[in-house]
Amino acid sequence: MPSRKESEDGESLRASEERKLRLPPFSSFCYKFSDTINSLATDAAMYKFLLCLKYLRTRYLAFVCIVSIMLGVATLIVVNSVMSGFSNKLKDRLKGVLADVIVETDNFAGFQMHPDLLADKIQHSPAGKYVDTVAPTVEVVGTVQFSFRGMNIVKPIKLTGVDPAKQVKVGGFGQYLERQKNVAVPSFDLSPEALAQHEKNVQLEALMTEPMPQPVRDEPDFLGKGPDLKADGIPLPPVPMPELPAIVPPKPIGIVVGHSLAHFRYKHPETGQMVEEATLRIGDTVMIATLAANEMRPVWGTYVVVDYFKSEMSEYDSQFIYMNLPDIQRLRHMDERVTHLQVKLKDDCPKGYTFVKGNVANEIQKLFGRYEGRAATWEDHQGPLLSAIDIERAILNLLLFMIVGVAGFSILAIFTMIVSEKIRDIGILKSLGASNRGVMGIFVWYAFLLGVVGCTAGTIAGLGITNNINEIEAFINTLTGQQLFDRSVYYFDRIPTNVEPATVLLVNTGAMLVAVFSSFLPAYRAARLRPIQALRFE
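Scope of this entry: the structure provided in the associated data block. Please read these numbers as outputs of a predicted model, since none were measured by experiment.

Turning next to the overall build of the protein. For the protein, the helix and strand inventory stands at 20 helices and eleven strands. Classification of the 538 residues of the protein by burial places 40% in the buried group. Pairs at least 24 residues apart make up 75% of the contacts formed inside the protein by residues separated by at least 6 positions. Total accessible area on the protein stands at roughly 31,600 Å², and carbon and sulfur atoms take up 61% of it.

What follows is the structure, encoded as structure tokens:
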């Protein structure tokens, strides 16, 4: 016969099992998980982990902390991914337009030496083992003038003369051309389409400028006779006209115009969509004016548009005009001089800023001295822009990390409340043998679990939003009728994103540290509590 105590234990066990069967599935799973942990708990320190699990599933105030951490982590991941995407997109565009190292002179007439001698000088320098190609260019400021719908339009430009065969090797000149995209050697010659449009424009201009025929009037000469009569009335013999050589029209010279310089965008009043219209078509004629190389006097010439340059960067697409290197040298009367040298490094050469600056740019600088030329990396040329992006990203991270800071203060407040409510329970634990470190570990582990759950949920949410940010943006546009991402500003078809694993790890680590450190003060207070003080009024 079982004893009375054994019967009571068996009845309580059966009642406990029946209660577990009536629980919802998730709570039943939690109880079963706790029972499993209880069965494995051979060490007395396991009570800390068990209490953390209990408070995690029963304390609904902890949900506030989890949501705060989740929102902070998700926001930081999304913002950093978008900022990194924009930064990488911009750097790719800049790197495509600029060479690895640029050598320039302040002399308006260009370098004194021939560009081939300059390239040979660089190739035989200590930096030459890293150099692949040296492309000479001429870069000056000027103005472009053209007509559009009866208006005379004048715009400031940056006129650049390039050697197409070499320029495609040092940068992305070929990949940003619209008509000759990715052509091995782009040409400034007129295509059949451009030539036909040019001839049509010439004919229209000739019709508009042809003088009107005037009536012929025979006015008497000083003798009172007609102009073709002698004094005695006999007609004068016809004067033979000299045969003049046929006038051969000059061959049109082609140029490549920035896409935004040759187009403008506006919002259609009826549809509300952005519409692009060309102000300069392929084959249209423009007049370009700049300054001569050796004299401060203006020089100008007429040129024909043969292609568009579209890098999706407004600074280049709205100001740059490219022409063949001999054409700009002839226009400025600068013989064969150049003002810039674009240096392309070998593919197997390290492209880090420190290496390129120290081993290539500085070595090239020694060849030109202090005043003759200046060598700099492409990062140096765009330093203010890249620095502005980094500063903006750092400030955004600092401001958005305050969301995680709010979660830290929430943990501090909630844990302080728990300590105040559970003074009796803490006293019982300590009277049963729990150490100060053990009581403190309960709260620290509890905060750690809150951080793990919040960071996991925030990482999943942040990566999900980042991967579908363009679809989310399109849905919000449809819902509100407002365009969040203006394509006319950035010339990007989609919002660029780039998830950096190191950044995701850093964000999660920071959130975990905030959660854990926020629990130290209430945990220390609970650990210092004496059992006799806690149980004095019990």
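Right, let's get into the packing of helix α15 (residues 436–467) against helix α16 (residues 469–480). Two elements in contact, α15 and α16, have axes separated by 4 Å at closest approach and are oriented at 70 degrees. Between α15 and α16, the interaxial angle falls into the category roughly perpendicular. For the pair formed by α15 and α16, the contact residues are Ile465, Thr466 and Asn467 on the first element and Ile469, Glu471 and Ile472 on the second. Partitioned by chemical class, the residues of the contact of α15 with α16 number three nonpolar, two polar and one charged.

This part takes up the nonpolar core. Counting 73 residues, the largest nonpolar core has Ile288 and Ile364 as its most contacted members. In this structure, isoleucine 364 is in contact with Val101, Val103, Ile122, Ala127, Val343 and Ala375, ignoring residues within four places of it in sequence. Formed by 33 residues, the second largest nonpolar core is a distinct cluster that contains Val73, Ile411, Val444 and Val507.

Okay, empty space enclosed by the protein next. Within the structure shown, the criterion is met by one cavity of 30 Å³ or more. There is about 40 Å³ of room inside the largest cavity. Lining the largest cavity are Ile77, Asn80, Ser81, Arg393, Asn498, Glu500, Thr503 and Val504. Considering each element in turn, the lining of the largest cavity owes the most residues, three residues, to helix α4 (residues 62–97). A per-class count over the lining of the largest cavity returns two nonpolar, four polar and two charged.

Burial of helix α10 (residues 325–332) is extensive: six of the eight residues sit out of reach of the surface. Within α10, the full set of buried residues consists of Leu325, Asp327, Ile328, Gln329, Leu331 and Arg332. On the buried face of α10, the contacting elements are β2 (131–148), β3 (151–162), β7 (285–291), β8 (298–309) and β9 (320–324). One or two positions beyond α10, positive phi appears at histidine 333, with a value near 55 degrees.

In this structure, the largest pocket occupies an estimated 860 Å³ of space. Around the largest pocket, the lining comprises 28 residues; the ones closest to its centre are Asn201, Val202, Glu205, Asp284 and Thr285. With nine residues, helix α7 (residues 192–209) is the largest single contributor of residues to the lining of the largest pocket. When its residues are assigned to classes, the lining of the largest pocket shows 13 nonpolar, eight polar and seven charged.

Here we come to helix α13 (residues 383–421). A rise of 1.5 Å per residue sets the reference length of α13, with its 39 residues, at 57 Å; its end C-alpha atoms lie 57 Å apart and thus fit the reference within 8%. In the structure, α13 departs most strongly from a straight axis at isoleucine 403, where the bend amounts to approximately 30 degrees.

To continue, consider unusual backbone geometry. In this structure, asparagine 182 takes a positive phi of about 60 degrees despite not being glycine. On the secondary structure map, asparagine 182 appears in the loop between α6 (164–170) and α7.

Scanning all chains against the criterion turns up ten salt bridges. A salt bridge links arginine 374 to glutamate 104; the nearest nitrogen and oxygen atoms lie 3.2 Å apart. Residue arginine 374 is found in strand β11 (residues 374–377), and its partner glutamate 104 is found in strand β1 (residues 101–104); the two are separated by 270 residues along the sequence. Residue arginine 281 pairs with aspartate 284 through a salt bridge whose shortest N-O separation is 3.8 Å. Taking the relative accessible area as the measure of exposure, aspartate 284 reaches 11% and is therefore buried. If you follow the salt bridges from partner to partner, you end up with Glu104, Asp106 and Arg374 in one network.

What follows is about the packing of α13 against α15. Packing of α13 against α15 brings their axes to within 12 Å, and their N-to-C directions diverge by 140 degrees. When the interaxial angle is binned, α13 and α15 end up oblique. Here α13 and α15 pass one another in a crossing that is right-handed. Residue-level contacts link Ile411, Phe415, Ile418 and Val419 of α13 to Phe443, Tyr446, Ala447 and Leu450 of α15. Looking at the contact of α13 with α15 residue by residue, the classes come out as eight nonpolar, no polar and no charged.

Position of histidine 198 among the secondary structure elements: in helix α7. Using a relative accessible area of 14% as the deciding quantity, one classes histidine 198 as buried. If sequence neighbours within four positions are ignored, histidine 198 has contacts with Leu190, Pro252, Gly283, Thr285 and Val304.

Residue position: glutamine 167 is located in helix α6. Once residues within four sequence positions are removed from consideration, glutamine 167 is found in contact with Ala135, Thr137, Val162, Phe173 and Gln342.

With that settled, consider the environment of arginine 525. Considering the arrangement of structural elements, one finds arginine 525 in helix α19 (residues 520–527). Residue arginine 525 is classed as partly exposed on the basis of its relative accessible area, which comes to 42%. Between the C-alpha atoms of arginine 525 and threonine 416, which are 109 residues apart in sequence, the distance is 8.7 Å. Ignoring sequence-local partners within four residues, the contact set of arginine 525 consists of Thr416, Val419 and Ser420.

Parameters at a glance
- Per-chain numbering applies: the sequence of each chain, read as written, is numbered from 1 onward.
- Local features in this predicted model are restricted to residues of pLDDT 70 or higher, and side-chain atom pairs are both shown and tallied only at a pLDDT of 80 or more, whereas totals for entire chains, interfaces and linings draw on every residue.
- Water and hydrogen atoms play no part in the side-chain values, which are based on all heavy atoms of the structure.
- In this text, helices come from DSSP runs of H or I with a minimum length of four residues, and strands from runs of E with a minimum of two, each type numbered from the N-terminal end.
- Note on classification: 1.4 Å probe, protein chains only; a residue is buried when its accessible area is under 20% of the maximum for its type, exposed when over 50%, partly exposed between these limits.
- For this analysis, residues touch if any pair of their heavy atoms sits within 4.5 Å.
- Only the protein chains shown count as covering a residue, and every accessible area follows the Shrake-Rupley method with a 1.4 Å probe.
- Inter-axis angles, ranging from 0 to 180 degrees, are taken between N-to-C directions of lines fitted to C-alpha atoms, where helices are fitted over the stretch in contact.
- Each angle receives one of four descriptions, namely roughly parallel if under 35 degrees, roughly antiparallel if over 145, roughly perpendicular if within 65 to 115, and oblique otherwise.
- Residue polarity is assigned by list, with Asp, Glu, Lys and Arg as charged and Ala, Val, Leu, Ile, Met, Phe, Trp, Tyr, Cys and Pro as nonpolar; anything else, Gly included, falls into the polar class.
- Only buried residues count toward a nonpolar core. Its members are Ala, Val, Leu, Ile, Met, Phe, Trp, Tyr and Cys residues joined through side-chain atoms within 4.5 Å.
- Using protein atoms alone on a 1 Å grid, points that fit a 1.4 Å probe yet trap it form a cavity, whereas open point sets bounded by protein on both sides within 12 Å along at least five of seven lines form a pocket; residues with an atom within 4 Å of a point count as lining.
- Grid points are joined across faces, edges and corners, and a volume is the space filled by probe spheres set on the points.
- Multiply 1.5 Å by the residue count of a helix minus one, and that product is the helix's expected span.
- Note that the bend at a residue is defined as the angle between axes fitted to the seven residues ending at it and the seven residues starting at it.
- Basic side-chain nitrogens of Lys or Arg form a salt bridge, by our definition, when they fall within 4 Å of a carboxyl oxygen of Asp or Glu.
- In this scheme, a crossing is called left-handed if the near helix is turned counterclockwise away from the far one by less than a right angle; it is called right-handed if the turn is clockwise.

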